[in-house]
Amino acid sequence: MQDYVLLRRYRTFDGRLTQWRELADAPARGRPLWAVWNPARRHAKALLDASQGLLQLASLGRRPQEIELSAPYLAILAHVSAQPCSEDPCAAQFALVIQKSSAYEEAVPAVAFVSSLHEID
């Protein structure tokens, strides 16, 4: 079983790159009530499905231009774009990463996909 983690970083107007950080809205795990009631489950499932679709396209050897116009990529991009940029108010661009990890292995998470930089409106 694979877990996927979305990370992003910013490029500031002066060209500095920030550290990769997990998205702020990542669901908290291990809450007992979530076994019965989890209102964020559908949103998390949509991100998981988009991540898997994106990684499948990348594994098929699609060109970066094709990947960046795909529905999974655009869905993830819209999600990341909607997150507030509270880390660095001087950010001009952002990039995202999808990491794969396993809950059953102690290995370091592997980078599965890295996007190009995107302008912040």
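Before any of the text, the structure's been laid out above.
About the criteria used
- Residues numbered from 1 in each chain as written.
- Predicted model: local features only at pLDDT ≥ 70, side-chain atom pairs only at ≥ 80, totals over all residues.
- Heavy atoms only, no water.
- Helix = DSSP H or I, 4+ residues; strand = E, 2+ residues; numbered from the N terminus.
- Areas by Shrake-Rupley, 256 points an atom, 1.4 Å probe, with all protein chains shown as cover.
- Expected span 1.5 Å × (residues − 1).
- Buried < 20%, exposed > 50% of the residue type's maximum accessible area, 1.4 Å probe, protein only.
- Contact = heavy atoms within 4.5 Å.
- Phe/Tyr/Trp six-rings, centres within 6.5 Å; stacked < 30°, edge-to-face > 60°.
- Polar contact = N/O pair within 3.5 Å; in protein donor to acceptor, adjacent residues only side chain to side chain.
- Axes fitted to C-alpha atoms, helices over the stretch in contact; angles between N-to-C directions.
- Parallel < 35°, antiparallel > 145°, perpendicular 65-115°, else oblique.
- Left-handed = near helix turned anticlockwise from the far one by under 90°.
- Nonpolar A, V, L, I, M, F, W, Y, C, P; charged D, E, K, R; others polar.

Asker: What's the story with the overall build of the protein in this structure? I'm lost.
Answerer: The helix and strand inventory of the protein stands at three helices and five strands. Its helices and strands in sequence order give the protein the pattern β-β-α-α-α-β-β-β, from N to C terminus. A total of about 8200 Å² of accessible surface is found on the protein, and carbon and sulfur atoms cover 55% of it.

Asker: Can you walk me through helix α1 (residues 41-59) in this structure?
Answerer: An α-helix turns once per 3.6 residues; consequently, residues spaced three or four apart project the same way. The end-to-end C-alpha distance of α1 is 27 Å, a good match for the 27 Å that 19 residues give at a rise of 1.5 Å each. If you check which residues of α1 are buried, you get Leu47, Ala50, Ser51, Gly53, Leu54 and Leu55. Tucked inside the fold, the buried residues of α1 contact β1 (2-12), α2 (64-68), α3 (71-81), β3 (91-102) and β4 (110-114). One or two steps after α1, the chain reaches Gly61, where phi turns positive at roughly 80 degrees.

Asker: Honestly, the packing of aromatic side chains in this entry has me stumped. Any pointers?
Answerer: The description of two aromatic rings rests on the distance between their centres and on the angle between their planes. One pass over the structure, following the stated rule, counts one aromatic pair. Relative to Phe113, the ring of Tyr73 has its centre 6.0 Å away and its plane inclined at 75 degrees; by these criteria the two rings are edge-to-face. With Tyr73 in helix α3 and Phe113 in strand β4, the pair connects residues that are 40 residues apart, well separated along the chain.

Asker: Just to check I follow, could you spell out the side chain of Thr12 for this structure?
Answerer: Examined against the element boundaries, Thr12 turns out to sit in strand β1. Residue classification places Thr12 among the buried positions, given a relative accessible area of 4%. Of note is the side chain of Thr12, whose polar atom sits 2.2 Å from the side chain of Asp14.

Asker: It is not clear to me how the environment of Asp14 should be interpreted in this structure. Could you clarify?
Answerer: Structurally, Asp14 can be placed in the loop between β1 and β2 (21-22). Considered as a pair, Asp14 and Cys90 are 76 residues apart in the sequence and their alpha carbons are 8.5 Å apart. Here Arg16 takes part through its backbone nitrogen, which lies 3.2 Å from a polar atom of the side chain of Asp14.

Asker: Could you clarify how one ought to interpret the packing of α1 against α3 in this entry?
Answerer: A pair of packed helices is characterised by two quantities: the angle between their axes and the separation of those axes. Packing of α1 against α3 brings their axes to within 8 Å, and their N-to-C directions diverge by 135 degrees. Judged by the inter-axis angle, α1 sits oblique to α3. When you trace α1 past α3, the crossing you get is left-handed. On α3, the residues that touch His43, Leu47, Ala50, Ser51, Gly53, Leu54 and Leu57 of α1 are Pro72, Tyr73, Ala75, Ile76 and His79. Its residues assigned to classes, the contact of α1 with α3 comprises eight nonpolar, four polar and no charged.

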